[in-house]
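Residue-level structural notes
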Amino acid sequence: MGASAVIRIALLIIAAGAGAAQQIAFEPASQDVIEQRVRAFTTKNATRETALHKLFEDAGCAGEALTEQPFKGSSEPNLICTHRGERDSTIVVGAHFDLVERGQGVVDNWSGAALLPSLYQGLVSTPRAHTFVFVAFAGEEKGLLGSRAYTKRIEDRSRIRAMVNLDTLGLSDTKVWASHADPELVNWIGVAAGNMKLPIGAVNVDKVGSSDSESFRDLRIPAITIHSLTQDTLRILHSPQDKMEALHLEEYYRSYRLILGYLAILDQKLE
Ligand SMILES: [Zn+2]
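Figured I'd write up the structure that's included with this text. Keep in mind the model is a prediction, meaning the values are calculated, not measured. (Residues numbered from 1 in each chain as written. Predicted model: local features only at pLDDT ≥ 70, side-chain atom pairs only at ≥ 80, totals over all residues. Heavy atoms only, no water.)

1. Comments concerning the overall build of the protein
Threshold: The helix and strand labels rest on DSSP assignments: H or I over at least four residues marks a helix, E over at least two residues marks a strand, and numbering proceeds from the N terminus. The globule rule is 2.2 Å times the number of residues to the power 0.38, and the radius of gyration it is compared with is taken over C-alpha atoms. Relative accessibility thresholds used throughout: buried, under 20% of the residue-type maximum; exposed, over 50%; partly exposed, between the two (1.4 Å probe, protein chains only). Here, residues are in contact when the closest pair of their heavy atoms is within 4.5 Å. Here the open area of atoms and residues is found with the Shrake-Rupley method and a 1.4 Å probe, where only the protein chains shown may cover a residue.
When helices and strands are counted, the protein shows eight helices and 10 strands. The C-alpha radius of gyration of the protein comes to 17 Å, within 12% of the 18 Å expected for a compact globule of 271 residues. Projected onto its principal axes, the C-alpha coordinates of the protein cover approximately 50 × 40 × 40 Å. Expressed as a percentage of the 271 residues in the protein, the buried residues total 56%. Of all intrachain contacts in the protein linking residues separated by at least 6 positions in sequence, the fraction that spans at least 24 positions is 82%. Summed over its atoms, the accessible surface of the protein is roughly 11,500 Å², and 49% of this surface lies on carbon and sulfur atoms.

2. Quick notes on the environment of Asp156
We count it as follows: Pairing of N or O atoms within 3.5 Å defines a polar contact, subject to two protein rules: one partner must be a possible hydrogen donor and the other a possible acceptor, and residues neighboring in sequence count only if both atoms are side-chain atoms.
Summarising the element assignment, Asp156 is placed in the loop between helix H5 (145-152) and strand E7 (160-166). Asp156 gets classed as partly exposed once you look at its relative accessible area, which sits at 34%. A polar atom in the side chain of Asp156 sits 2.6 Å from the side chain of Ser158.

3. Observations regarding the coordination of the zinc ion
Definition in use: Any nitrogen, oxygen or sulfur atom within 2.8 Å of a metal ion counts as a donor, with the limit raised to 3.2 Å for Na, K and Ca, and since water is left out, coordination shells can look unfinished. Irregular is the label for any site that misses the other tests, which are tetrahedral for four donors with all angles between 85 and 135 degrees, and square planar for four donors or octahedral for six when opposite donors exceed 155 degrees and the remaining angles lie between 65 and 115.
The coordination sphere of the zinc ion contains the protein donors His96 (NE2), Asp108 (OD), Asp167 (OD) and Asp167 (OD), at a distance range of 2.0 to 2.6 Å. Classification of the site at the zinc ion as irregular follows from its four donor atoms and the range of 52 to 145° in their angles at the metal.

4. Remarks on the environment of Asn195
Assignment of secondary structure puts Asn195 in helix H6 (residues 183-196). Expressed as a C-alpha distance, the spacing of Asn195 and Asp267, which sit 72 residues apart in the sequence, is 16 Å.

5. Notes on empty space enclosed by the protein
The cut-off we apply is this: Cavities and pockets were defined on a 1 Å grid built over protein atoms only: a cavity is a set of grid points that admits a 1.4 Å probe from which the probe cannot escape, a pocket is an open set flanked by protein on both sides within 12 Å along at least five of seven lines, and lining residues are those with an atom within 4 Å of any such point. Grid points are joined across faces, edges and corners, and a volume is the space filled by probe spheres set on the points. Amino acids are sorted into nonpolar (Ala, Val, Leu, Ile, Met, Phe, Trp, Tyr, Cys and Pro), charged (Asp, Glu, Lys and Arg) and polar (every other residue, Gly among them).
Within the structure shown, the criterion is met by one cavity of 30 Å³ or more. In this structure, the largest cavity occupies an estimated 30 Å³ of space. Considering the residues around the largest cavity, the lining is formed by Val100, Arg102, Gly103, Gly105, Asp108, His238, Ser239 and Asp242. Tallied by class, residues from the lining of the largest cavity come to one nonpolar, four polar and three charged.

Keep in mind these numbers describe shape, not what the thing actually does.
Dropping the structure here:
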């Protein structure tokens, strides 16, 4: 669906002792594909997991790589897509797929969940050092149930180098919840935005609620939540206004590309 090409960015950062530009490679899905996948939303929790399962398979994550994690308190399981890297060190990329059935829940948070398969797709064409685990969480709106269940079952938390959480994208250009993020992870998304010439901002949402990154922060795992909320758009959350029409597709696609480049950078820069 639309030819895609490998993007290589020369990372122009002068890290301590290393002045040479580094090649970071990734292969973004086209804007058409990203739009099609976000339009594939359903408005019931029960059917969302099935829809997402299909998107993962379309993106090439299938068979043993795609597993379900049922847990108490939710009829839907977490959906987990694993891409093995050279190391056991892991980067978790998460987004909840459940919704408050007052609107369509496209913004909160099909926008984030539907990007997971495309992020997987954009990363796997190049060998990666880290193992990437893409987790679509159930039960977030009931109190972070899916991410709590997931973190409870982590065997060795020291293996998880970072958790990148996507919640509520496409209302504006990319924002980070800086006050609840690991400073190093914030720094690297700034570097990604600078190198890719894409916008990034910080909007703290402490007063609005919570998100799945908090379950990881509670275990002292470095985490970051990426969103698109601003003062003007807070009212959309959990309201009938949370629908497809609220999404800005240009901004949404820019967020996808930025997050993809960011993950490729983290793969090279994190231990
Ligand atoms: Zn949410």
